[in-house]
Amino acid sequence: MSKQILILPGDGIGPEIMAEAVKVLEVANSKFNLGFELSFDDLGGAAYDRYGVPLADETLERARAADAILLGAVGGPKWDTIDPALRPERGLLKIRSELGLFGNLRPAILYPQLAQASTLKPEVVSGLDILIVRELTGGIYFGKPRERTTLENGERMAFDTLPYSESEVRRIAKVGFDMAMVRNKKLCSVDKANVLASSQLWREVVEEVAKDYPEVELSHMYVDNAAMQLVRAPKQFDVMVTDNMFGDILSDQASMLTGSIGMLPSASLDVNNKGMYEPCHGSAPDIAGQGIANPLATILSVSMMLRYSFAQVAAADAIEQAVSQVLDQGLRTGDILSEGCRKVGTVEMGDAVVAALKNL
Ligand code: IPM
Ligand code: MG
């Protein structure tokens, strides 16, 4: 039976980086006989332009039917002034929520070749390998009520709500512990339990889940301290598990340890490991259409897809090895450029990965 992959390039640099990832995916498909069939649709601003909504019902149905989804990025200034309910980001949040993709894995790995590209000292980041497990379908991103109103005195006011139920915390905590078990058995749960009620429950439930994982060394850290520790001594972390908003912020921060957010892939998984795979970076409208965006985060997302949704370990390893070889060759997009390396554009970078993969 063939496997269906739905490709959603999205907005901004999305289509450019996705074109390169698709080339790599197609080579892996034939080289490793994966039997993948690809189909394409729109999400975000592109979907708004085509369907009038950031996620069309038919696209959602296709996503439900697919075995895995590969996504570029959404958003851009073109859609900043439309009805907030129709913004490109709403399409992304809706697909995450509708498909129950609660477990977001964001690995921050420093390729040794990029030690010079990080803004931190090489000795602080060399050998870095962190996995951030972010809760993706709950918390303040989805909490109700969420409102904008006018007070009696005429002042505008708005509020969001940060709810977490016990079961939501338990299932993401389990993902964190399971990931720690197959890595270095260290889990740091990040919260703001000194202030927030939702974080106090979070910590309580994580402690309960820990009883099933006696081998994992569990620690708790407040999010402000975690932000500091991530730049002070990032190698103290193995797996970090945290809520939706803290995970959003900390994963951007962790990305800079690796040289560039252009290097960070991610997987968003449901209870059955069905997943959507996307780079952690956004649609970068400032550089869209210039052919200079780094396609490696999306290419590495393909590798995560092969690993997590299809257990195609050899093919996943091969893509990562091809990326590493290309970095060895000294090829760099602008975001990871350092002295002595050759600056290339999006397409040349993708072609180099394709060539390396073919030759493996
Ligand atoms: C991310 C992005 C999204 C998020 C935006 C585009 C809605 O920043 O995937 O990290 O906040 O989750
Ligand atoms: Mg983000």
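Here the structure is a predicted model, which is why all the values come from computation and not from measurement. (Residues numbered from 1 in each chain as written. Chains lettered and ligands numbered in written order. Predicted model: local features only at pLDDT ≥ 70, side-chain atom pairs only at ≥ 80, totals over all residues. Heavy atoms only, no water.)

Residue position: E98 is located in helix 4 (residues 88–98). Along the chain, E98 and G14 lie 84 residues apart, while their C-alpha atoms are 22 Å from each other. Beyond its immediate stretch of four places on either side in the chain, E98 contacts L60 and R64. A distance of 2.9 Å separates the side chain of E98 from the side chain of R64, its partner in a polar contact. (Helix = DSSP H or I, 4+ residues; strand = E, 2+ residues; numbered from the N terminus. Contact = heavy atoms within 4.5 Å. Polar contact = N/O pair within 3.5 Å; in protein donor to acceptor, adjacent residues only side chain to side chain.)

Here we come to the pattern of salt bridges. Going through the model one piece at a time under the given rule, you end up with 24 salt bridges. A salt bridge links E208 to R170; the shortest N-O distance between them is 3.0 Å. Here the residue E208 occupies a position in helix 7 (residues 197–210), and R170 occupies one in helix 6 (residues 166–181), the gap between them amounting to 38 residues. Its relative accessible area of 34% is what places E208 among the partly exposed residues. D191 serves as the salt-bridge partner of R203, at 2.9 Å between the closest nitrogen and oxygen. Of this pair, R203 sits in helix 7 while D191 sits in strand 8 (residues 186–191), and the two are 12 residues apart along the sequence. (Salt bridge = Lys/Arg side-chain N within 4 Å of Asp/Glu carboxyl O. Buried < 20%, exposed > 50% of the residue type's maximum accessible area, 1.4 Å probe, protein only.)

Per the UniProt entry, the sites bearing "binding site: Mg(2+)" (unreviewed entry) are D224, D248 and D252 in this numbering. Despite a sequence span of 29 residues, these residues sit close together in the fold, their greatest C-alpha distance being 14.5 Å. None of the other annotated residues line the largest pocket; only D248 and D252 do. Within the element layout of this structure, D224 appears in helix 8 (residues 223–232). (UniProt positions renumbered as here; feature names shortened; annotations may be inferred. 1 Å grid on protein atoms, 1.4 Å probe; cavity = no way out; pocket = protein on both sides within 12 Å on 5 of 7 lines; lining within 4 Å.)

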